[in-house]
Amino acid sequence: MCAKVGDFTLLNINDCVLEDDKQVHQIKTKINSKNIDVLFTQFSYANWAGNKDDRETRKKYAAKKIHEIERQVSIFQPIYTIPFASFVWFCHEENFYMNNGINKIDFVYNHLSEKLDTTAIILFPNEQWDIRSEHDSTESVKKWMSSYDLNIVSEKTIKSSFISPSELIELGNNYIKCLIRNNTKWMNLFLKPTNIFIVDHECSYKLSLNGFERGEINQENCDISMSSDSLSYCFKFLWGGATTRINGRYQVPKYGRFYNWKLYFQTSELNNHGERFGLKFIFNSLYRNIRRKIYVFYIFIKTNENNY
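A few points on the structure. Per chain, the residues get numbers from 1 upward, laid out in the order the sequence is written. The predicted nature of this model means local features are confined to residues of pLDDT at least 70 and side-chain atom pairs, given and counted, to a pLDDT of 80 or more, with totals for whole chains, interfaces and linings taken over all residues. With hydrogens and water excluded, all non-hydrogen atoms of the structure serve as input to the side-chain values.

Turning our eyes to something else, we now look at the overall build of the chain. When helices and strands are tallied, the chain shows nine helices and nine strands. Oriented by its inertia axes, the alpha-carbon framework of the chain measures out at about 65 × 45 × 45 Å. When burial is assessed residue by residue, the chain has 43% of its 308 residues classed as buried. Sequence-distant contacts in the chain: of pairs separated by 6 or more residues, those separated by 24 or more amount to 72%. Treating the 39 positive side-chain charges of the chain as one cloud and the 35 negative ones as another, the clouds have centres 7 Å apart. Strands here are runs of E lasting at least two residues and helices are runs of H or I lasting at least four, both read from the DSSP assignment and numbered beginning at the N terminus. Think of it in three bands: residues with accessible area under 20% of the maximum for their type are buried, residues over 50% are exposed, and the middle band is partly exposed, with areas taken using a 1.4 Å probe on protein chains only. Any two residues having at least one pair of non-hydrogen atoms within 4.5 Å are treated as being in contact. Asp and Glu are treated as the negative residues and Lys and Arg as the positive ones, with His and the ends of the chain left uncounted. For this purpose, a charge sits on NZ of Lys, CZ of Arg, CG of Asp or CD of Glu.

Moving on, we get to the pattern of salt bridges. A side-chain nitrogen of Lys or Arg and a carboxyl oxygen of Asp or Glu constitute a salt bridge if their distance falls within 4 Å. Under the defined criterion, the tally for this structure stands at nine salt bridges. Taking the shortest distance from any N to any O, the salt bridge between glutamate 56 and lysine 59 comes out at 3.5 Å. Taken together, the residues glutamate 56 and lysine 59, both in helix α2 (residues 55–76) and three residues apart, mark about one turn of the helix. Judged by its relative accessible area of 45%, lysine 59 falls in the partly exposed class. Sharing partners across several salt bridges, the network here consists of Glu94, Asp229 and Arg249.

Moving on, we get to empty space enclosed by the protein. A cavity, in this analysis, means grid points on a 1 Å lattice covering only the protein atoms where a 1.4 Å probe fits yet has no way out; a pocket is instead an open set bounded by protein on both sides within 12 Å along at least five of seven lines, and a residue lines either one if it has an atom within 4 Å of a point. Grid points are joined across faces, edges and corners, and a volume is the space filled by probe spheres set on the points. Following the criterion strictly, the structure yields one cavity of 30 Å³ or more and no others. Empty space within the largest cavity amounts to approximately 40 Å³.

What follows is about unusual backbone geometry. Positive phi outside glycine occurs at asparagine 32, with the angle close to 55 degrees. Here asparagine 32 is to be found in the loop between α1 (21–31) and β3 (38–42). Of note, glutamate 202 is a non-glycine position whose phi angle comes to about 60 degrees, a positive value. Examined against the element boundaries, glutamate 202 turns out to sit in the loop between β6 (194–198) and β7 (203–208). Given the relative accessible area of 67%, glutamate 202 is considered exposed.

Turning our eyes to something else, we now look at helix α7 (residues 240–247). Taken together, the buried positions of α7 are occupied by Gly240, Gly241, Ala242, Thr244 and Arg245. Buried-residue contacts for α7 involve β9 (224–226), α6 (228–236) and α8 (258–272). Once α7 ends, the next one or two residues include glycine 248, with phi positive near 70 degrees.

Should DSSP find at least two bridges between two strands, the strands are regarded as paired. Taken in spatial order, the four strands make up an open sheet running β8-β7-β6-β9, and their pairing is mixed. Strands with a single pairing partner mark the edges of an open sheet, and in this sheet they are β8 (211–214) and β9. With direction set aside, neighbouring strand axes in the sheet form an average angle of 25 degrees. Where β6 meets β9, three bridges bridge the pair, whose relative direction is parallel. Each bridged residue has a counterpart across the sheet, and for isoleucine 198 the counterpart in β9 is methionine 226. In this description, a line fitted to the C-alpha atoms serves as the axis of each element, helices being fitted only across the stretch in contact, and the angle between N-to-C directions of two axes falls anywhere from 0 to 180 degrees. Packing of α6 onto the sheet brings it into contact with β6, β7, β8 and β9, and relative to β9 it is tilted by some 110 degrees.

So, in structure tokens, the structure goes:
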């Protein structure tokens, strides 16, 4: 969102997936302003970022956000930058571990102030800043750091509810009936059975277009591991799977194929947007997959070009 107010230009790019310089330049060209006075941006991850024992992945996700800010500041050249989106914490007992890799605001403020050509503005709730005046962010940073220490504690986490096997099976079967009703019949060519390990049931289940039933696959070979509470949410709401991929209340077992699970809930997400599983979705998925692989290869070449 770009807002032009008098002589000031304010730009909010939170949740915009800007993977390369070209995309940022396109936005800058479209804005067509001499200066961007204030840039509002995200400064840490807010989605699933690896299994419990994979802190390195969370560090990479966090570092990626810093690199994105560096790209944005370099191209947009804002006078002021407000890192405002990421004051969240993972507050469920199943995702609390993901707090151990987040970018905290003291680090972000120092990085912006010391490494980038912009003035960092940090605001605490109910605090106001006049764009025409200077602002001392040090006190705001102290308040936020105190808030981190006070609130991000395991004692405040939300606990899971237990959903009985019979109720979960009923929800799963209703979900499959909904998919069949809302999508093309030949989606069975793409939606392969997925094995789900339910940790509080201590057993696996199989989800397919034939229904949802108990399985016999061990945990490390399942496509996903989660609680009955988390899976029931995926079954109850068309957006449930998409929400779960953000809140991170699951683990990805060593030998499973997470995409098998993901495709079932991407399909209901399509339905939630008023679309159907069909040729358009398949072609778009293939296009995104190819584009992602090309981008990864491009980054690999750029990273290693000095070695050639």
